[in-house]
Amino acid sequence: MSKLLYIQASPRGERSSSTDVANTYIRAFKSVSANNTVTTLNIWDMNLPEFDGDRLNAKYSVLHGQNPNEAEALAWQQIVTLIEQFKNADCYLLSVPMWNFSIPYKLKHYIDIITQPGLTFSVNPETGFFGLVTGKPVTAIYSRGGEYSTPEAKGMDFQKTYLEMALGFIGFREINSVLIEPTLADPDSVNNAIAIAKEKATTLGENT
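Residues numbered from 1 in each chain as written. Predicted model: local features only at pLDDT ≥ 70, side-chain atom pairs only at ≥ 80, totals over all residues. Heavy atoms only, no water.

**Student:** Summarise the overall build of the protein; cite the residues concerned and give the values.
**Tutor:** Counting its secondary structure elements, the protein contains 6 helices and 7 strands. The N-to-C order of helical and strand elements in the protein reads β-α-β-α-α-β-α-β-β-β-α-β-α. Here the C-alpha atoms of the protein give a radius of gyration of 18 Å, agreeing with the 17 Å that 2.2 N^0.38 yields for 208 residues. Each of the three principal axes of the protein carries a C-alpha extent, and together these read 60 × 45 × 35 Å. Taking all 208 residues of the protein together, 46% fall into the buried category. Within the protein, residue pairs in contact and separated by at least 24 positions form 74% of the contacts whose partners lie at least 6 positions apart. (Helix = DSSP H or I, 4+ residues; strand = E, 2+ residues; numbered from the N terminus. Rg over C-alpha atoms; globule rule 2.2 N^0.38 Å. Buried < 20%, exposed > 50% of the residue type's maximum accessible area, 1.4 Å probe, protein only. Contact = heavy atoms within 4.5 Å.)

**Student:** Lay out the side chain of Thr 139 with the relevant residues and their values.
**Tutor:** Inspection of the secondary structure puts Thr 139 in strand 6 (residues 138-143). In contact with Thr 139, not counting residues within four places along its chain, are Tyr 25, Tyr 92, Leu 93, Leu 94, Asn 176, Val 178 and Leu 204.

**Student:** Could you give an account of unusual backbone geometry, with specific residues and numbers?
**Tutor:** Omega for the peptide link from Glu 181 to Pro 182 comes to -5 degrees, which places this bond in the cis form. By the element assignment, Pro 182 lies in the loop between strand 7 (175-180) and helix 6 (187-206). In this structure, Asn 100 is a non-glycine residue whose phi angle is positive, near 50 degrees. Note on placement: Asn 100 falls in the loop between strand 3 (91-97) and helix 4 (105-114). Classification of Asn 100 as exposed rests on a relative accessible area of 74%.

**Student:** Account for the pairing of strand 6, naming residues and giving values.
**Tutor:** The buried fraction of strand 6 amounts to 6 of the 6 residues, a majority that puts the element mostly inside the structure. Of the two faces of strand 6, both are covered, the one formed by Val 138, Ala 140 and Tyr 142 as well as the one formed by Thr 139, Ile 141 and Ser 143. Judged from the 6 bridges that link them, strand 3 and strand 6 form a sheet pairing that is parallel. In the strand pairing of strand 6, Val 96 is matched with Tyr 142. When strand 6 meets strand 7, the two strands line up parallel, connected through 6 bridges. Along strand 7, the bridge assignment pairs Tyr 142 with Leu 179. A crossover connection joins strand 6 to the parallel strand 7 through helix 5 (residues 160-169); in handedness this β-α-β unit is right-handed. (Pairing = 2+ DSSP bridges. Right-handed = clockwise from strand over helix to strand, strands pointing away.)

Structure follows, in structure tokens:
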């Protein structure tokens, strides 16, 4: 039995290429074992807490080895609950459209919430920061209107590069990528890109 956490970052529903390919991955993942389970977090349906005030003060209390006050501790518990939900999975899947060369702001919000000291990362005074979410594979499915994997456009890709850095920071080492590009091309080119992505997603889903 393996528990997959699927983080859906597109609000476009069935019209989303990244969601479409992610569903292919999920079908492959489920086909391997009837005991494999999938929990879906659609970040557009989540009421993510704002990371300010008491939550921010609690974070700095943790960073400095201090105890947060009662109000801060209560606010911090909301963060802890979301992180425990995240860490409870055995493997991860993200469907991520490119927005203005980067990721949707809702996904950034979620990442800001789960990237916390003592919970998903820590620091060694001698060697620096290290992640605490280790030994788990993650697959990210990226859709983008243009071809940002080309040498000419690679420097404008703050979608894949940022997400890989963020995931690596909290401990992920097995990070698999599936690209769907260019989604703003002619229909035949788009369908071909989706077909290639689905083939790779199927292989990854079957071998997670």
